[in-house]
Amino acid sequence: MKRRTRNFIKGAAAVLFTAACAISLYAPYPSRFSGGESYECVWADGSVTKESYTSAYSSLAGMDGESIFLSRGGQTGKIDSYAKTAYEILENGDLAVLLECTAEGTRIDCAALYRTFSDRVWYDGSYFIWTGNHIERVAKAKRKEIVFMAGKVTSRILRETGASTVYLRAGAELETLAFVGSGVKEVYAEEPYSQREGAVYLDTVSGKRLLAAVGDGKELALDEDLMFADEGALLACRSLVSLSLPFLGNAKSPSGSLFTGELAYLFSDGKEYDVPKTLSRVTVTGGRIVSSAFYACPAIREINVCKVQANEISRTAFAGLSSLEVLHTPNREAVLTGRFTSYTADCGCTVFKRVGEKP
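Here we summarise the structure given alongside this text. (Residues numbered from 1 in each chain as written. Predicted model: local features only at pLDDT ≥ 70, side-chain atom pairs only at ≥ 80, totals over all residues. Heavy atoms only, no water.)

**Overview of the overall build of the protein**
Step number 1: Check the secondary structure of the protein and you find six helices and 22 strands.
Step number 2: Scored against the burial criterion, the 359 residues of the protein give a buried share of 44%.
Step number 3: Excluding contacts between residues fewer than 6 apart, the proportion of contacts in the protein whose partners are at least 24 apart in sequence is 41%.
Step number 4: Total accessible area on the protein is roughly 18100 Å²; 50% of this is exposed by carbon and sulfur atoms. (Helix = DSSP H or I, 4+ residues; strand = E, 2+ residues; numbered from the N terminus. Buried < 20%, exposed > 50% of the residue type's maximum accessible area, 1.4 Å probe, protein only. Contact = heavy atoms within 4.5 Å. Areas by Shrake-Rupley, 256 points an atom, 1.4 Å probe, with all protein chains shown as cover.)

Dropping the structure here:
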């Protein structure tokens, strides 16, 4: 009887030991590890230290495909990573590969992977998160980063996740008003999408198209090779002070009955215009500037259309702009609201400057 009891205790202890080893190997939290591993860390000043798991974790700053980064005393150190494959999959893999991904490398590799990707959610119609060991489907998730693998990028999803950084994959479909009311500040995109200064473009067979823009930046210069723009593409930009763009409205080369030439078109929700009251300086470098092109833009103080062909600018394009103080235009016959003086600039354009009080 005693022998059977001892054998049972030994067997139970072996099971518990095996379970403890499994937990210590895969769990991403330092309290679940018992030490034992050591890592060589090369610091920015050339010094080299031996780090335990605990000391490395306490200074863990992140990782890339090659190294794990520590930060201590104002210096950055590097530990060689043994989780290159897992990192590459989590950073760039498609969903099928992601679902096969598991933790790899040392304990500090597992911790660094978790630290790097625990605040990211992947979306393809459903949500997926990194548990520290594998990718898991979840009903909902609050994360700072979201990777859109496929499906529509909507304002509902962005508000639901609370994401401030968006990664756009080729299979995703960005809705123009998706960023309106969201907390998104940064966008990273792969072809056929591209982004610059927070503006997101789609390359089409007819030319580059402006889809949307994000962020609370005060200045924005749209790409000069832009050919089309979606209604409301800039509606999410609520802090703009200065805007430069290659045309007004929805197309650089206006043709047909669908052409819209108003600046406010870019700040429309489909029902109302909502140009930010902060917007005070606008530069237009091409396209056609139609009559009342700056309708619903009462706060604009400076407009420069020097590079636009004079015959493409309507005389009444700037009428009604009660806050306008300076206009730089090749069209000398501009109709303005209020009293202005004018002079000829070195470029040959006429510069109008308001005199007296605004009407």
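**Things to note about the pattern of salt bridges**
Any two side chains of opposite charge can pair, given that their charged atoms come close.
Step number 1: Tallied over the entire structure, the rule returns 13 salt bridges.
Step number 2: For the salt bridge of K185 with D216, the shortest nitrogen-to-oxygen distance reads 3.8 Å. Of this pair, K185 sits in the loop between β10 (165-174) and β11 (186-189) while D216 sits in the loop between β14 (207-213) and β15 (219-221), placing them 31 residues apart in sequence.
Step number 3: On the accessibility criterion, K185 (47% relative accessible area) is partly exposed. (Salt bridge = Lys/Arg side-chain N within 4 Å of Asp/Glu carboxyl O.)

**Observations regarding the sheet that holds β11**
Step number 1: Spatial strand order, β8-β7-β6-β9-β10-β11: six strands in an open sheet with mixed pairing. With partners counted over all chains shown, the strands left at the sheet margins are β8 (135-138) and β11, one partner each. Strand-to-strand twist in this sheet, taken as the mean axis angle between neighbours without regard to direction, amounts to 30°.
Step number 2: Where strand β9 (residues 145-153) and β10 come together, eight bridges link them in parallel fashion. Within the sheet, the bridge partner assigned to A150 lies in β10 and is G171. (Pairing = 2+ DSSP bridges. Axes fitted to C-alpha atoms, helices over the stretch in contact; angles between N-to-C directions.)

**Side note on the pairing of strand β5 (residues 75-80)**
Step number 1: Summarising the sheet, strand β1 (residues 38-43) and β5 pair through two bridges and their orientation is antiparallel. Following the sheet pairing, V42 is matched in β5 by K78.
Step number 2: With six bridges joining them, strand β4 (residues 67-72) and β5 adopt antiparallel strand pairing. Opposite L70, over in β5, you have G77 as the bridge partner.

**What about helix α3 (residues 84-92)?**
Step number 1: Every buried residue of α3 is accounted for by A86, Y87, I89 and L90. Taken end-on, α3 shows its buried residues confined to a sector of 165°, consistent with a single buried face.
Step number 2: Against the buried residues of α3 lie β3 (60-63), α4 (95-98), α5 (107-117), β6 (120-123), β7 (127-130) and β8. (Arc of directions from axis to C-beta.)

**As for the side chain of S81**
Step number 1: Relative to the assigned elements, S81 resides in the loop between β5 and α3.
Step number 2: Note on S81: relative accessible area 1%, which makes it buried.
Step number 3: At 3.1 Å, the side chain of S81 and the backbone nitrogen of A83 are in polar contact.
Step number 4: When residues no more than four places from it in sequence are discounted, the contact partners of S81 are M63, E66, S67, I68 and D109. (Polar contact = N/O pair within 3.5 Å; in protein donor to acceptor, adjacent residues only side chain to side chain.)

**Focus: the packing of aromatic side chains**
Step number 1: Counting across every chain of the model gives seven aromatic pairs.
Step number 2: With 5.2 Å between their ring centres and 50° between their planes, Y123 and Y127 make a pair best called tilted.
Step number 3: By relative accessible area, which is 5% here, Y127 ends up buried.
Step number 4: We note R115 situated over the ring of Y57; from NZ or CZ to the ring centre the distance is 5.3 Å. (Phe/Tyr/Trp six-rings, centres within 6.5 Å; stacked < 30°, edge-to-face > 60°. Lys NZ or Arg CZ within 6 Å of the ring centre and 35° of its normal.)

**Focus: the environment of E100**
Step number 1: Considering the arrangement of structural elements, one finds E100 in the loop between α4 and α5.
Step number 2: As a C-alpha pair, E100 and A86 span 14 residues in sequence and 9.9 Å in three-dimensional space.

**A word on the side chain of E51**
Step number 1: Inspection of the secondary structure puts E51 in strand β2 (residues 48-52).
Step number 2: Here T49 takes part through its side chain, which lies 2.7 Å from a polar atom of the side chain of E51.
Step number 3: A polar contact of 2.9 Å, which involves the side chain of E51, links it to the side chain of R72.
Step number 4: Here E51 is in contact with E37, S38, Y39, C41, W43, A56, L70 and R72, once residues within four sequence places are set aside.

**Looking at the sheet that holds strand β17 (residues 242-245)**
Step number 1: As summarised here, the arrangement of the seven strands in space is β15-β17-β18-β19-β20-β22-β21, forming an open sheet in which the pairing is mixed. Sheet topology places β15 and β21 (340-344) at the edges, where each strand pairs with a single neighbour. Mean inter-strand twist for the sheet, computed between neighbouring axes without regard to direction, equals 10°.
Step number 2: Note that β15 and β17 share three bridges and pair parallel. For E219, the partnering residue across the bridge sits in β17 and is S242.

**A closer look at unusual backbone geometry**
Step number 1: The residue after E191, namely P192, is reached through a cis peptide bond having omega 10°.
Step number 2: Within the element layout of this structure, P192 appears in the loop between β11 and β12 (193-196).
Step number 3: Unlike most non-glycine residues, E197 shows phi in positive territory, near 55°.
Step number 4: Tracing the sequence through the fold places E197 in the loop between β12 and β13 (199-204).
Step number 5: Look at S292: it is not a glycine, yet its phi comes out positive at around 60°.
Step number 6: With relative accessibility at 34%, the residue S292 sits in the partly exposed group.

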